[in-house]
Amino acid sequence: GTMNKGLIFKPDLSKGLECYVDADFAGGWSSGDQTNPASVLSRTGFVIMYAGCPIFWSSKLQTEIALSTTEAEYIALLSAMREVLPFLNMMKEIHDVFPLQETKPNFFCRVWEDNRSCINVAENPKFTPRTKHIALKYHHFRRFVTNRTIKINPIDTREQIADI
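Residues numbered from 1 in each chain as written. Predicted model: local features only at pLDDT ≥ 70, side-chain atom pairs only at ≥ 80, totals over all residues. Heavy atoms only, no water.

**Describing the overall build of the protein chain**
Here is step 1 of the chain: Along its length, the protein chain carries three helices and five strands.
Here is step 2 of the chain: When the 164 residues of the protein chain are sorted by exposure, 39% land in the buried category.
Here is step 3 of the chain: Long-range pairs, those at least 24 residues apart, make up 69% of the contacts in the protein chain with a sequence separation of at least 6.
Here is step 4 of the chain: Carbon and sulfur atoms provide 55% of the accessible area of the protein chain, an area that totals close to 10400 Å². (Helix = DSSP H or I, 4+ residues; strand = E, 2+ residues; numbered from the N terminus. Buried < 20%, exposed > 50% of the residue type's maximum accessible area, 1.4 Å probe, protein only. Contact = heavy atoms within 4.5 Å. Areas by Shrake-Rupley, 256 points an atom, 1.4 Å probe, with all protein chains shown as cover.)

Put into structure tokens, the structure is as follows:
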């Protein structure tokens, strides 16, 4: 920052760890060079926040071609969870070393996703004919959804701060 410019954070202690995640399905296809294979890659965007303040964010092309909007959103969700889960583990470890409260808090992350099909794939342990092609590598975080360490909530696209 400078004397006149910078970021101002106003922590909201009522909010814990949150993650807003979004994807742009084959975003370069319409405006890009249709002969370039990279133009069909989707883009992942997410921001991880603690107490309402951004602590980590990312926007990058996905490394493989998604076959649907749902798959692009699911790949984005996985990318975000790869960053969220270590934050949760760090918070637990810090509390174990420096317990600041009498009772151990319930550590979880509220995730905001604007694609209902993606939420259904993440919460449903069964494959469907439309989602069975999604590789198993994307399902490793499902146990955190099942045990409610990760709570995926729907959000309107207009309110999605990770919208890219």
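Moving on from the coordinates now.
**Here's the deal with unusual backbone geometry**
Glycine aside, negative phi is the norm for most residues, and most peptide bonds take the trans geometry.
Here is step 1 of the chain: Phi angles above zero are rare outside glycine, and Ala-51 is one such case at about 55 degrees.
Here is step 2 of the chain: Structurally, the position occupied by Ala-51 is in the loop between β2 (43-50) and β3 (53-61).
Here is step 3 of the chain: Unlike most non-glycine residues, Arg-148 shows phi in positive territory, near 70 degrees.
Here is step 4 of the chain: Secondary-structure assignment places Arg-148 in the loop between α3 (142-146) and β5 (150-154).
Here is step 5 of the chain: A relative accessible area of 46% means that Arg-148 is categorised as partly exposed.

**Concerning the environment of Ala-76**
Here is step 1 of the chain: Assignment of secondary structure puts Ala-76 in helix α1 (residues 69-97).
Here is step 2 of the chain: Ala-76 sits in the buried class, given a relative accessible area of 0%.
Here is step 3 of the chain: Separated by 62 residues in the primary sequence, Ala-76 and Tyr-138 place their C-alpha atoms 9.9 Å from one another.
Here is step 4 of the chain: Filtering out sequence-adjacent residues up to four positions away, Ala-76 remains in contact with Val-21, Asp-22, Ala-23, Thr-44 and Gln-62.

**Some words on the packing of α1 against helix α2 (residues 116-123)**
Here is step 1 of the chain: Running from N to C, α1 and α2 cross one another at 60 degrees; their axes reach a closest spacing of 8 Å. Classified by the angle between their axes, α1 and α2 sit oblique to one another. Where α1 crosses over α2, the two elements pack in a sense that is right-handed. Two secondary-structure elements touch here, α1 through Thr-70, Glu-73, Tyr-74 and Leu-77 and α2 through Ser-117, Cys-118, Val-121 and Ala-122.
Here is step 2 of the chain: The residue makeup of the contact of α1 with α2, split by class, is five nonpolar, two polar and one charged. (Axes fitted to C-alpha atoms, helices over the stretch in contact; angles between N-to-C directions. Parallel < 35°, antiparallel > 145°, perpendicular 65-115°, else oblique. Left-handed = near helix turned anticlockwise from the far one by under 90°. Nonpolar A, V, L, I, M, F, W, Y, C, P; charged D, E, K, R; others polar.)

**As for the packing of aromatic side chains**
Here is step 1 of the chain: Per the stated rule, a full pass over the model turns up three aromatic pairs.
Here is step 2 of the chain: Ring geometry for Tyr-20 against Trp-112: centres 6.1 Å apart, planes inclined by 20 degrees, an arrangement best described as stacked. Residue Tyr-20 is located in strand β1 (residues 17-24), and its partner Trp-112 is located in strand β4 (residues 109-113); the two are separated by 92 residues in the primary sequence.
Here is step 3 of the chain: Looking at Tyr-20, the relative accessible area reads 11%, which means it is buried.
Here is step 4 of the chain: When the ring centre of Phe-108 is taken as origin, the NZ or CZ atom of Lys-151, which lies over that ring, is 3.8 Å away. (Phe/Tyr/Trp six-rings, centres within 6.5 Å; stacked < 30°, edge-to-face > 60°. Lys NZ or Arg CZ within 6 Å of the ring centre and 35° of its normal.)

**Considerations on the pattern of salt bridges**
Here is step 1 of the chain: Scanning the model with the defined rule gives one salt bridge in all.
Here is step 2 of the chain: The residue Arg-158 makes a salt bridge to Asp-156 at a minimum N-O spacing of 3.0 Å.
Here is step 3 of the chain: Among the residues examined, Asp-156 registers a relative accessible area of 32% and is labelled partly exposed. (Salt bridge = Lys/Arg side-chain N within 4 Å of Asp/Glu carboxyl O.)

**Thoughts on the confidence of the model for the protein chain**
Here is step 1 of the chain: Considering every residue of the protein chain, the mean pLDDT works out to 84; 87% of them sit at 70 or more.
Here is step 2 of the chain: At the level of individual helices and strands, the protein chain shows its lowest average pLDDT in α3, which scores 87, and its highest in β1, which scores 94. (pLDDT = per-residue confidence, 0-100.)

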